[in-house]
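Notes for the structure review
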Amino acid sequence: MDGEGAPFATETYGSQEKWRYRLTEGRVVVREKSEAGGRSSLLGLFKSVFLPQGYPDSVSKDYLQYQFWDTVQAFSSSLSGNLSTQASLRGVGVGNQEATVAAATVTWLLRDGTGMLGRILFAWIKGLVADVLNDVAMFMEILAPSFPACFTLIVCIAGVFKSIVGVAGGATRAALTLHQARRDNMADVSAKDGSQETLVNLAGLLVSLVLIPLVTDNPLLTFTLFFFFTVLHLLANYRAVRSVVMETLNETRLSILLHHYLSDDQILSPLEANHREPVFPDFKRRVPIKLGVRLGELVNSPAELQLALKNNRKPYLIGVKDGSVCVCRRQDMPASQEIKAVCQAVCLSTALLPGPAPEGVLKTLCAVGRQGLWEMVSESHKLIENIFPSFLDGLRAHGWQTDRLLLDWDEWRVDWGKKSD
């Protein structure tokens, strides 16, 4: 065979590199199609160290944007943290000849001890706005040396706030890693995130080596830089959270999707729904929804149990008690029925709100509610059977995950009567 033949095979490494195989004079030769550089290049080395293998195909589409803003917030937080550490060390007596080692050690141990207690309590009660608390904690540490009489108390409270940030950060990081890993590569995504964080902290350390001598004995410059880094930290955090597009369903996203479907007969995409999900707590008046409650919280008599079972052959019981929509569930309830139960609870919660009756199908539910709460519940069973099949199909068609959910069910499970078919 003379000359170069047509390519008889191609191969790729992820989506970044591609080679073509040709036959030339009876021999196989490899010719790289891309001029972007091979795996041994500096860029390739950087990617292999700091990005998950197979990037960008092995991670979610929002990975790069989120990691960029996460890096910015981590860098600014690192600088703010170094400023607060410098203030804390000055507060415990570093550089002060009158301070004793024992006093400084006791203060530091109290600070760490209250932080451990805070981690335990927060893991139990949960909470929000962790990054705001992180900035508040660092501000308190910077402010503490100005109040020597209350220094220990202030740094202990700051330690509790920082411990809350650690617990919340670990929980949210785990959920984001699960979201970003698209090839069951959570370990790799988590490891590369750790490498990125180490690089950012190293950069923060180098910058701090320049900043610390400048801010020593200069409170005005310390507070000015801290304010700047704090604003940058909070802004980057907001942008990072807004860049995430979760395809898993929680109660808030499911409520947004259902209300839009009932009003416009359309399913929002994950991008549209995530942009409508509030970042900060929503203090609008609403009827609470309790998922996975005890049977005794829902029915108090055999008559009420019969009312709960009226028009209901589902693997859950639902009703209204003490101003809340309560849902009992069976042990083996499939994910699609969990979605149905929450959708029905959202319909009841909306219909029970005081004020003008909602439009559309929920208007009928409100009208029936005037006859009694159990009548409203019975009517809601008919309503959800009519709308749910097409709603569930729409969720699946628009890329929502309907087999893995983030619904906040309590652990109570109830078995009653004969199971539905």
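Residues numbered from 1 in each chain as written. Predicted model: local features only at pLDDT ≥ 70, side-chain atom pairs only at ≥ 80, totals over all residues. Heavy atoms only, no water.

This next bit is on the overall build of the protein chain. Assigned secondary structure in the protein chain consists of 13 helices and six strands. Across the 421 residues in the protein chain, those meeting the buried criterion constitute 43%. Summarising the internal contacts of the protein chain: among those between residues at least 6 apart in sequence, 69% fall at separations of at least 24. As presented, the protein chain carries roughly 23,300 Å² of accessible surface, and 60% of it is formed by carbon and sulfur atoms. (Helix = DSSP H or I, 4+ residues; strand = E, 2+ residues; numbered from the N terminus. Buried < 20%, exposed > 50% of the residue type's maximum accessible area, 1.4 Å probe, protein only. Contact = heavy atoms within 4.5 Å. Areas by Shrake-Rupley, 256 points an atom, 1.4 Å probe, with all protein chains shown as cover.)

On to the UniProt feature "transmembrane region" (unreviewed entry) in the protein chain, then. Mapped onto this numbering, the UniProt entry gives "transmembrane region" (unreviewed entry) at residues 151-176, 197-214 and 220-238. Secondary structure content for residues 197-214 is 100% helix and 0% strand, and the end C-alpha separation is 26 Å. Structurally, residues 220-238 comprises 100% helix and 0% strand, and the distance from its first C-alpha atom to its last is 27 Å. (UniProt positions renumbered as here; feature names shortened; annotations may be inferred.)

Attention now goes to a nonpolar patch on the surface. Taken together, the side chains of Leu43, Phe46, Leu199, Leu202, Leu205, Leu206, Leu209, Val210 and Leu214 define a hydrophobic patch exposed on the protein surface, amounting to about 870 Å² of accessible area. Of all the secondary structure elements, the ones that give two or more residues to the nonpolar patch are helix H1 (42-50) and helix H6 (186-215). Within the element layout of this structure, Leu205 appears in helix H6. (Patch = residues over 30% accessible without salt bridge, like charges linked within 9 Å, V, L, I, M, F, W, Y side chains within 5 Å. Salt bridge = Lys/Arg side-chain N within 4 Å of Asp/Glu carboxyl O.)

Turning our attention to the sheet that holds strand E5 (residues 316-321). Taken together, three strands build an open sheet; the order of strands is E4-E6-E5 and the sheet is mixed. Lying at the two open borders of the sheet, with one neighbouring strand each, are strand E4 (289-291) and E5. The sheet shows a mean angle of 15° between the axes of neighbouring strands, taken without regard to direction. In this structure, E5 lies alongside strand E6 (residues 324-329), joined through six bridges in antiparallel fashion. Directly across from Leu317, in E6, lies its bridge partner Cys328. (Pairing = 2+ DSSP bridges. Axes fitted to C-alpha atoms, helices over the stretch in contact; angles between N-to-C directions.)

Attention now moves to the side chain of Ser58. Mapped onto the elements of the fold, Ser58 is located in the loop between H1 and helix H2 (63-92). Beyond its immediate sequence surroundings of up to four residues, Ser58 is in contact with Pro52, Gln53, Gln180, Ala181, Arg182, Arg183 and Asn185.

The next subject is the pattern of salt bridges. All told, the structure shown has nine salt bridges when counted by the stated rule. Across the pair Lys314 and Glu385 runs a salt bridge whose closest N-O atoms are separated by 3.4 Å. Remark: Glu385 occurs in helix H13 (residues 373-397) and Lys314 occurs in the loop between helix H10 (302-309) and E5; sequence separation between them is 71 residues. For Lys314, a relative accessible area of 5% gives the class buried. Close ionic contact of Asp415 with Arg330 constitutes a salt bridge, the shortest N to O distance being 2.6 Å. In this pair, Asp415 is assigned in the segment after H13 and Arg330 in the loop between E6 and helix H11 (335-351), connecting sequence segments 85 residues apart. Three or more residues joined by partner-sharing salt bridges are found here, namely Lys314, Lys340 and Glu385.

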